[in-house]
Amino acid sequence: PAPVTSDLPDLPARDTWVDVRTLGAQGDGRTDDTAVLRRAIAEHRTLYFPSGTYVVSDTLILRADTVLIGLHPGATQIALVDGTAAYQGVGGPKAMLETPKGGTNIVLGLGLSTNGINPRAVAMKWMAGTDSLMNDVRLLGGHGTPKLDGGRENPYNSNHSADPDPRRRWDGQYP
C-alpha cells in the first residue's frame, strides 16, 4: 500500500534555523533574555535554542508561523526566576509563551519553567491551529525537575511534606 501521509508538520529546513545565541541571547540562567528573544521572534521564523536556561521576565508572544526548536527539554529551558514582577500580585493567569489563535506554530524540545514563586504564571497559552505542533516540551517544576549539571531540583523539605523553601507553596500557581 501507499505510505500514509503524516499529520505532523515538517520542521523548516535546517539552513533556515537561526541560533538565538548568535542574536545575543545568553542562556546562562541569570541574564534576562526577554528583549533579545522578542526581537528574534519578530525578525526570524525559526529559532534554535542551544542547551542552556533562557530567563524571561514577561510573555513571549509568537507570530503565527514561529517555530522554536531545542534538542532536549531538560537541557534547554525557557524560565522565569522566582519573584518575576510581571507574574506577581492579584490577577488572572499570565503566560510565559503564547501562540496566536489559529497559528501554524511548532514548539519542540524545550523545557518551560515558571519556577515556584510566580503565582500568576502559566508556561504556555497554546491557541495555535490544527496544523501546529507542540512536541517533546516539558512543563518543569516540582518533582524530578532536571538541572543542567545532571542532578535534579530537590522539591522536598526534611519530612517530604512541602518545598524546602516555605515561600514556594505547592499548588500555589495556575495549572
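Each remark here, short or long, concerns the structure printed above.
Basis of the calculations
- Residues numbered from 1 in each chain as written.
- Predicted model: local features only at pLDDT ≥ 70, side-chain atom pairs only at ≥ 80, totals over all residues.
- Heavy atoms only, no water.
- Pairing = 2+ DSSP bridges.
- Helix = DSSP H or I, 4+ residues; strand = E, 2+ residues; numbered from the N terminus.
- Core = buried A, V, L, I, M, F, W, Y, C linked by side-chain atoms within 4.5 Å.
- Buried < 20%, exposed > 50% of the residue type's maximum accessible area, 1.4 Å probe, protein only.
- Contact = heavy atoms within 4.5 Å.
- Phe/Tyr/Trp six-rings, centres within 6.5 Å; stacked < 30°, edge-to-face > 60°.

Caption draft 1: Quick peek at the sheet that holds strand E5 (residues 60-61). Taken together, three strands build an open sheet; the order of strands is E5-E8-E11 and the sheet is parallel. Of all strands in the sheet, those with a lone pairing partner are E5 and strand E11 (121-125), marking the two edges. Sheet analysis places E5 next to strand E8 (residues 94-98), joined by two bridges and oriented parallel. Residue Leu60 lies in a different strand from E8, and its bridge partner there is Leu97.

Caption draft 2: Region of interest: the nonpolar core. Ranked by size, the top nonpolar core spans 25 residues in total, and within it Leu37, Leu47, Phe49, Leu68 and Ile78 carry the most contacts. Only helix H1 (34-43), E8 and E11 provide two or more residues apiece to this core. Tallying contributions element by element places H1 first for this core, with four residues. Apart from the residues lying within four places of it in its own chain, the contact partners of Ile78 are Phe49, Tyr54, Val56, Met96, Leu97, Leu110, Gly111, Leu112 and Ser113. Counting seven residues, the second largest nonpolar core, distinct from the first, contains Val67, Ile106, Leu108 and Leu133.

Caption draft 3: How the structure looks around the packing of aromatic side chains. Taken as a whole and judged by the stated rule, the model has two aromatic pairs. Their ring planes at 25° and their centres at 6.0 Å tell us that Trp17 and Tyr48 sit as a pair that is stacked. Remark: Tyr48 occurs in strand E3 (residues 46-48) and Trp17 occurs in the segment before strand E1 (18-19); sequence separation between them is 31 residues. Since its relative accessible area comes to 18%, Trp17 is described here as buried. Geometrically, the ring pair formed by Phe49 and Tyr54 is edge-to-face, given 5.2 Å between the ring centres and 85° between the ring planes. Considered together, Phe49 and Tyr54 belong to a single accessibility category, that of buried residues.

Caption draft 4: Region of the structure containing the environment of Thr145. Relative to the helices and strands, Thr145 is located in the segment after strand E13 (138-140). Here Thr145 falls in the buried class, since its relative accessible area comes to 5%. The sequence separation of Thr145 and Asp28 amounts to 117 residues, and the corresponding C-alpha distance is 17 Å.

Nothing here speaks to function; it is geometry throughout.
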